[in-house]
Amino acid sequence: MKKILLFAAFIFPAFAFAGGPGVLSSIVPQYIQGVNGTNNNRVPFWFYGQISGLTPNATYHYYTTMDSLNASPTSNGAGNPYFANSTTGVIRRTTNASMTNNAGYDSLTANLLGVIEGWFGVEPTGNGRFTPGTILYPKLMLNNGAGGTTVANRVYFSSTPVTVINFGTTSMSTTEGSALYDSLDAAPKNFICLYDNFLAVGRPISIAIVENDVMYLNVVTSIANFYRTNVDSLDFHWGTIIPNNLPTGIQALEERTLANSSVVDVVTDIDGYWCYGTNTANMTNGSSAMYLNSTFTLSSSAIIPDTTWTGIPTNFSATSNSPNATYAWDFGDLGTDSGASVTHTYIAPGVFNVQVIISTGGCSDTINETIVVELSTGIITPMPLSFQVMPNPTDGELFITTKDNNEKLIVVTDVLGQIVYSELLTGNKISVNITGQTPGIYFVEVRDTVTGKTGVKKMILQ
C-alpha cells in the first residue's frame with residue numbers, strides 16, 4: 001500500500017439540456033444499495049454535480065432523488081434526500097422532500113455564470129425503483145430561483161447510470177454487494193471515492209462521507225446495521241456497499257473536499273488485496289462488513305540464530321502484526337520452507353544468508369541474516385558458549401561478556417574466513433579493538449579453554 005497525490009480531478013461531463021438547466025460536470029458512483037419492499041439495509045448514496053443554465057446570483061431551493069430515465073416528465077423520483085451544505089457545513093437528512101417546508105429542501109446560489117455546484121445525497125427506500133438490477137439516475141429538483149414553492153426544473157444526471165444492488169453472499173453476482181468500512185486519516189465531512197483501478201480514474205464504484213458528519217444515522221433503524229454500529233458518528237470512519245462482481249477489487253481511495261470536491265489525497269493498493277489482509281475482489285460477505293484498514297503497515301521480525309551445527313535441526317521463526325501474513329524462507333543452501341515457525345538442517349559447514357519474506361496482500365517485508373554453520377563431529381546436542389557482544393554495530397571497540405572468568409580464546413574473522421584478531425584472554429568482560437578494519441560483517445568466536453564450549457556471533461563494523 002502507498003499514498004499518491006493526484007493533482008488532476010477526474011470529473012465526468014454530462015448532458016446539458018438545451019434551453020434550461022443541465023448537468024455541466026459530475027462525479028457519480030456506479031452502484032447504489034436498494035431493495036423493493038421493506039429496506040432496513042439502507043446505505044447513504046453520495047454524488048457531486050455542477051448545474052449550469054441558471055440565473056446568475058439567484059438562490060435555488062433543491063432536493064435530490066433517484067429515478068429511471070423513462071419516468072414521467074413530472075416525476076420527482078424516489079429516495080430520501082441528503083443535504084451537504086458547503087457554506088454552513090451542515091449535513092442533514094429529510095424524509096419529507098418539499099419546496100414548501102424549509103426542512104424539506106436546501107439552497108444553493110448560482111455564480112456569475114449561472115452555475116451551482118455541490119455534493120448531493122440520496123437514501124434508498126423500499127420504493128420499487130430500488131429493485132436490484134435496475135438502472136437509475138440521480139435527479140435534482142429545483143425551484144425557479146425566485147422563491148417559488150414548486151418544482152420548476154428536474155435535472156437528470158442522464159449520462160451516469162447507477163446500478164441497484166442489495167447485500168448478498170453470492171460470488172460474482174451482478175445484483176448483490178458487500179459492506180466495506182474503514183477508518184482513514186481524512187477530514188470529517190470530506191468524501192471518499194472508491195475506484196477499481198490504481199490510478200483513480202473514471203467513475204468511482206462508490207462514494208462515502210467521512211464521519212463525524214453530525215447527521216446521526218445511528219438512531220435510524222432502517223439504515224444498515226453495519227453503518228449504524230461501525231461507521232456513523234465514529235471519527236474518520238466511512239462505509240459503503242461495493243458489488244460482489246468486482247474482479248479487480250478496490251484499488252484506490254480518493255479523498256475529496258466538501259467545499260469544492262478538490263482532491264486531497266489518494267491511498268492505493270495495486271491488487272485490491274490490502275495490507276491488513278482484506279481482499280476486496282469479488283467479495284461475498286454481504287451485510288457483514290469487512291474492515292479495510294487502509295492505513296495498516298506491515299511490521300515484522302524474525303529470530304534467526306547466529307550459529308548452528310551441521311546435521312542438527314535448527315529452529316527459525318518470524319512474526320508479523322498481520323493475522324493473514326504468509327512466510328517464505330530461503331536458508332541459503334537451496335533449502336526453502338514456509339510457515340511462521342520452521343526447522344532446517346544444514347548438511348555442510350559454511351556461512352549462509354537466511355532470508356524470510358513476510359507478506360500479506362500488496363505488502364511485504366524481507367529480512368536477511370547471516371548464519372555460521374559449524375562442523376559437528378559426533379556432537380548430538382550442541383552446547384554453544386553463551387556470550388554477548390556490545391555494542392553491535394560497533395566502530396571497532398567492543399566488549400565481550402560471559403558468565404564466568406575462565407580463560408577464553410577470542411578470534412575475529414571476516415566473511416572470507418580470514419582472521420583479523422586473535423588473543424587468549426581471561427575475565428567475564430573482555431575488551432577487543434579491531435579499529436582500522438574495513439567496515440562490514442565480521443564473526444566473533446569465543447572458545448572457553450576450560451569447558452571446551454564455543455560460540456560464534458555476527459558483528460557489524462561501521
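If you're wondering where the values come from, they're calculated on a predicted model, not measured in any experiment.

Of the pockets and cavities examined, the largest pocket occupies roughly 240 Å³. If you go around the largest pocket, you meet 15 residues; those closest to its centre are Val372, Glu374, Thr413, Glu445 and Val456. Listing elements by their share of the lining of the largest pocket, those giving two or more residues are β28 (363-374), β31 (407-414), β34 (440-448) and β35 (454-461). Within the lining of the largest pocket, the residues separate by chemical class into eight nonpolar, three polar and four charged. Counted as a void, the second largest pocket has a volume near 200 Å³.

The strand order β21-β23-β26 describes an open sheet built from three strands, whose pairing is antiparallel. The two strands at the open ends of the sheet, each matched to only one other strand, are β21 (300-303) and β26 (341-344). Neighbour-to-neighbour, the strand axes of this sheet turn through a mean angle of 15°, independent of strand direction. Of the pairings in the sheet, the one linking β21 to strand β23 (residues 314-320) comprises four bridges and is antiparallel in character.

This brings us to the pattern of salt bridges. Considering all chains together, one arrives at nine salt bridges under this definition. Between Arg93 and Glu123 there is a salt bridge; the shortest N-O distance is 2.5 Å. One end of the pair, Arg93, is in strand β8 (residues 91-93); the other, Glu123, is in strand β10 (residues 116-123), with 30 residues separating them in the sequence. Relative accessible area serves as the criterion here: at 26%, Arg93 is assigned to the partly exposed category. Between Asp306 and Lys457 there is a salt bridge, with the nearest N and O atoms lying 3.9 Å from each other. Residue Asp306 is located in the loop between β21 and β22 (307-309), and its partner Lys457 is located in strand β35; the two are separated by 151 residues in the primary sequence.

Here we come to the packing of aromatic side chains. For the coordinates displayed, the defined rule picks out 18 aromatic pairs. With a centroid separation of 5.7 Å and 80° between ring planes, the pair formed by Tyr62 and Phe83 is classed as edge-to-face. Placement of the pair is Tyr62 in strand β6 (residues 59-67) and Phe83 in strand β7 (residues 80-84), with a sequence separation of 21 residues. Taking the relative accessible area as the measure of exposure, Tyr62 reaches 2% and is therefore buried. For Phe83, a relative accessible area of 0% corresponds to the buried category.

Of all hydrophobic cores here, the largest spans 49 residues; its most connected members are Trp46, Phe226, Trp238, Ile250 and Leu253. No other element matches the five residues that strand β15 (residues 191-195) contributes to this core. Excluding anything up to four places from it in sequence, Trp46 contacts Pro29, Tyr82, Ala84, Ile91, Phe120, Gly121, Phe191, Ile207, Ala208, Ile209 and Met215.

Here the focus is empty space enclosed by the protein. For the structure shown, the criterion picks out two cavities of 30 Å³ or more. Roughly 50 Å³ of volume is contained in the largest cavity. As for the largest cavity, its lining consists of Tyr31, Ile32, Gln33, Val43, Pro44, Phe45, Ser206, Ile207, Thr240 and Ile241. At the level of secondary structure, the elements contributing two or more residues to the lining of the largest cavity comprise β4 (31-33), β16 (206-209) and β17 (237-243). With three residues, the single largest contributor to the lining of the largest cavity is β4. Of the residues that constitute the lining of the largest cavity, the class distribution is seven nonpolar, three polar and no charged.

Let us now look at the environment of Asp395. With respect to the helices and strands, Asp395 occurs in the loop between β29 (387-390) and β30 (397-402). Put simply, Asp395 and Val28 are 367 residues apart on the chain and 61 Å apart in space, counted from C-alpha to C-alpha. Not counting chain neighbours up to four residues away, the residues in contact with Asp395 comprise Thr435 and Leu461. Of the polar contacts made by the side chain of Asp395, one reaches the backbone nitrogen of Glu397; its length is 3.4 Å.

Going through the model one piece at a time under the given rule, you end up with one disulfide. In this model, Cys275 is linked to Cys363 through a disulfide, with the two sulfur atoms separated by 1.5 Å. One end of the pair, Cys275, is in the loop between β19 (263-268) and β20 (290-291); the other, Cys363, is in strand β28, and 88 residues separate them in sequence. According to the relative accessible area criterion, Cys363 is buried, its value standing at 11%.

With that settled, the discussion passes to the confidence of the model for the protein. Residues of the protein with pLDDT of at least 70 account for 94%, and the chain-wide mean is 91. In this model, residues 1-18 is a region of pLDDT below 50 whose contacts with residues beyond four sequence positions or in other chains number 60 contacts.

In this section: the sheet that holds β29. Strands sit in the order β29-β30-β33 across an open sheet of three strands; the sheet is antiparallel. The open sheet is flanked by β29 and β33 (429-433), the only strands paired with a single partner. Taking the axes of each pair of neighbouring strands and ignoring which way they run, one obtains an average angle of 20° across the sheet.

Within the secondary structure layout, Thr394 lies in the loop between β29 and β30. Note on Thr394: relative accessible area 1%, which makes it buried. Engagement of the side chain of Thr394 in a polar contact is seen with the backbone oxygen of Glu397, the distance being 2.7 Å. Not counting residues up to four positions away in its chain, the partners in contact with Thr394 are Met459, Ile460, Leu461 and Gln462.

What counts, and at which threshold
- Residues numbered from 1 in each chain as written.
- Predicted model: local features only at pLDDT ≥ 70, side-chain atom pairs only at ≥ 80, totals over all residues.
- Heavy atoms only, no water.
- 1 Å grid on protein atoms, 1.4 Å probe; cavity = no way out; pocket = protein on both sides within 12 Å on 5 of 7 lines; lining within 4 Å.
- Points joined across faces, edges and corners; volume = space filled by probe spheres on them.
- Helix = DSSP H or I, 4+ residues; strand = E, 2+ residues; numbered from the N terminus.
- Nonpolar A, V, L, I, M, F, W, Y, C, P; charged D, E, K, R; others polar.
- Pairing = 2+ DSSP bridges.
- Axes fitted to C-alpha atoms, helices over the stretch in contact; angles between N-to-C directions.
- Salt bridge = Lys/Arg side-chain N within 4 Å of Asp/Glu carboxyl O.
- Buried < 20%, exposed > 50% of the residue type's maximum accessible area, 1.4 Å probe, protein only.
- Phe/Tyr/Trp six-rings, centres within 6.5 Å; stacked < 30°, edge-to-face > 60°.
- Core = buried A, V, L, I, M, F, W, Y, C linked by side-chain atoms within 4.5 Å.
- Contact = heavy atoms within 4.5 Å.
- Polar contact = N/O pair within 3.5 Å; in protein donor to acceptor, adjacent residues only side chain to side chain.
- Disulfide = S-S within 2.5 Å.
- pLDDT = per-residue confidence, 0-100.

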